[in-house]
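So you can see what is in the structure, the chains are spelled out below.
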Amino acid sequence: MKKNDLCEIVISDMGKDGEGIGHAEGMTVFVKDTVVGDRVSVKLMKVKKNLAFARLMEILEPSAYRAVPVCDKARACGGCTLQHISYEKQKEIKANHVKNCLLRIGGVQNIDELMEPLIGMEEPLHFRNKMQFPVGVDAEGSPRLGFYAGHTHSLIPLSDCPMGHRVNRPILQAFREYLTESGAAVYDEENHCGLVRHLLTRVGFATGEVMVCVVINGEELPKTELLIRKLQDAVESENAQSEGEKGNVGLTLSSVSVSVNKEKTNRILGDYSRTIYGKDHIEDKIGESTFRIAPESFFQVNPIQTGKLYGKALEYAGLTGEETVWDMYCGIGTISLFLAKKAKKVFGVEIIPQAIENARENAELNHVTNTEFFVGKAEEIVPRLYEEDPEHYRADVVVVDPPRKGCDAALLSTLVKMQPKRLVYVSCDPATLARDIAFLTKEGFSVEKVTPVDLFANSMHVETVCLLSNRKPDSYVHLNLKMEDYYRIKDAEKEQGKK
Ligand code: SAH
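Here's what I pulled together on the structure shown here. Keep in mind that what you see is a predicted model, and the values were worked out from it rather than measured.

Conventions used here
Residues numbered from 1 in each chain as written. Predicted model: local features only at pLDDT ≥ 70, side-chain atom pairs only at ≥ 80, totals over all residues. Heavy atoms only, no water. Helix = DSSP H or I, 4+ residues; strand = E, 2+ residues; numbered from the N terminus. Buried < 20%, exposed > 50% of the residue type's maximum accessible area, 1.4 Å probe, protein only. Contact = heavy atoms within 4.5 Å. Pairing = 2+ DSSP bridges. Salt bridge = Lys/Arg side-chain N within 4 Å of Asp/Glu carboxyl O. Expected span 1.5 Å × (residues − 1). Near = heavy atom within 4 Å. Polar contact = N/O pair within 3.5 Å; in protein donor to acceptor, adjacent residues only side chain to side chain. Areas by Shrake-Rupley, 256 points an atom, 1.4 Å probe, with all protein chains shown as cover. Nonpolar A, V, L, I, M, F, W, Y, C, P; charged D, E, K, R; others polar.

### Digging into the overall build of the protein chain
Secondary structure assignment for the protein chain yields 11 helices and 21 strands. Across its three principal directions, the C-alpha atoms of the protein chain cover 105 × 60 × 45 Å. Out of the 499 residues in the protein chain, the part that is buried amounts to 53%. Looking at the protein chain alone, contacts between residues at least 24 apart form 63% of all its contacts between residues at least 6 apart.

### What to know about the pairing of strand E7 (residues 143-148)
Here strand E6 (residues 130-137) pairs with E7 via three bridges, running antiparallel. Among the inter-strand pairings, Gly 136 is bridged to a residue of E7, identified as Arg 144. Where E7 and strand E8 (residues 155-157) come together, three bridges link them in antiparallel fashion. Bridge pairing links Tyr 148 to Leu 155 in E8. From the end of E7 to the start of E8, which pair antiparallel, there are six residues, and His 151 there has a positive phi angle of about 60 degrees.

### Examining the pattern of salt bridges
Summed over the entire model, instances satisfying the criterion amount to 27 salt bridges. With a closest N to O distance of 3.0 Å, Lys 99 and Asp 112 form a salt bridge. Placement of the pair is Lys 99 in helix H1 (residues 87-104) and Asp 112 in helix H2 (residues 111-114), with a sequence separation of 13 residues. The closest approach of N and O atoms between Arg 292 and Glu 361, which form a salt bridge, is 3.9 Å. Within this pair, whereas Arg 292 is found in strand E14 (residues 289-293), its partner Glu 361 is found in helix H7 (residues 353-365), the two being separated by 69 residues in sequence. When salt bridges that share partners are traced, they join Glu 8, Arg 39 and Glu 61 into one network.

### Regarding H1
With 18 residues, H1 ought to run about 26 Å at 1.5 Å a step, and its terminal C-alpha atoms sit 26 Å apart, in line with that. Of the residues making up H1, those classed as buried are Tyr 87, Lys 89, Gln 90, Lys 91, Ile 93, Lys 94, Ala 95, His 97, Val 98, Cys 101 and Leu 102. Buried-residue contacts for H1 involve strand E1 (6-14), H2, helix H10 (430-442), strand E20 (445-453) and strand E21 (463-470).

### Some thoughts on the site of the ligand
Around the ligand lies a shell of 16 residues, among which Tyr 310, Thr 334, Glu 350, Ala 378 and Asp 401 are the nearest. At a separation of 2.5 Å, an oxygen atom of the ligand approaches a polar side-chain atom of Tyr 310. Ile 351 is positioned with one of its backbone polar atoms (N or O) 3.2 Å from a nitrogen atom of the ligand. Considering the ligand on its own, with 570 Å² of exposed area, one finds that the protein chains cover 90% of that surface. Counting only elements with at least two residues in the shell around the ligand, the list comes to helix H6 (334-340) and helix H8 (378-388). Among the residues forming the shell around the ligand, the class breakdown is nine nonpolar, three polar and four charged.

### Some thoughts on the side chain of Ser 459
Mapped onto the elements of the fold, Ser 459 is located in the loop between E20 and E21. Dropping the residues within four chain positions of it, Ser 459 is found in contact with Gly 79, Thr 81, Leu 82 and Lys 94.

The structure is reproduced here in structure tokens:
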């Protein structure tokens, strides 16, 4: 078989990125946009020794798991990879992915016994509170916004995204008009020139506060009054549209800022932002707690599922009110505040200074007085503090919630020294979770329970909460007894010798 050959295959499995897997002439063939049970005609695009990557040409017999995508750009856009699959099946695919990672990479042999059911979403649409739209131009040079196609920077123009809040549609429209009328130059990534790079929107689902942040390759955005007027009109038009709808929260434009990013980089936000209208943050609620969120701060994108995720983490933490807890990679202190209500003391650590500022404000806002936050890399701060004062900075329970690359080795080694009774690992990438588990289980921890939580319908992303307990204290007790026995015997021998 060679490149450009056409062949017919039946999809029998799913890959880690949500692609279908079939077999042809002894080769494993990966095909995007397919699902288990599909019989499809495909064109081979890349052929290696035993495997090939193919493009879907025709669905000859659709799988029973197929669904009609809600977005007509779903196949081209890199954002959603599972929209063609029923939500029930998506949940099964994600739970299996978590299970496979923990078994194959993590070496957790009894994973079937430890897995709890995946916590899925009730309404897998309009759930995202944050959107980041790259800005580009069309063939005529007119500005457009959208998302990148998978694995490229080619822009798929969009007037809306059904995963986001409905207010994004009028905001996108308003921003396109602003770009045209203001004459602000659109950023050209290749030549690193032009001004406007990205549009970021955030909505507090519980508070109705709307944040808009424009990322620019420069210091100033022209005609900001025009932009603000258009954004206010956009928010008002959405309010008029959704008035009287069930669960509707009236929206307010609360914060407009520019984020300065003059680097030639894939990173979206710059290091600092400047408020040009309203506040420098918005607020939202998860459970009973209120959170202040700056443009730079991480805040989970699906607030409803986040409540369930943190609830699970809290359950696994098993707090009684007496514990000292570390919340590592704490962001704006979301998990820390959940924990603080049930613990004696919570320490949090996070790399983004604005997020720690928010975390301290959030503790105050929620009248929480037993938290302490540190800015810096967890892998530098925690080992240093623990070495300086192991009694003060010890932990009964540790929660880690790292970015996709997982925990740094230096941090894991300190966790092993710290010997917490329980370790709750909240992960957004099952593969790095499994890698870290493989390390921790060699060092005396054991996996007790695992729950996948779906925060990202229609994409392969999945969060996992994992409870690990520490077997070491028992083995130390065991060892100590043995040593005591040893000395007792020696003493007894000495005594006998004397006699
Ligand atoms: N627990 C928080 C944030 C989790 S996201 C919540 O649920 O909202 C991961 C966080 O880790 C981000 O806020 C990111 O800024 C932070 N981070 C990334 N690398 C880090 C590091 N080396 N040390 C500490 N924090 C880091």
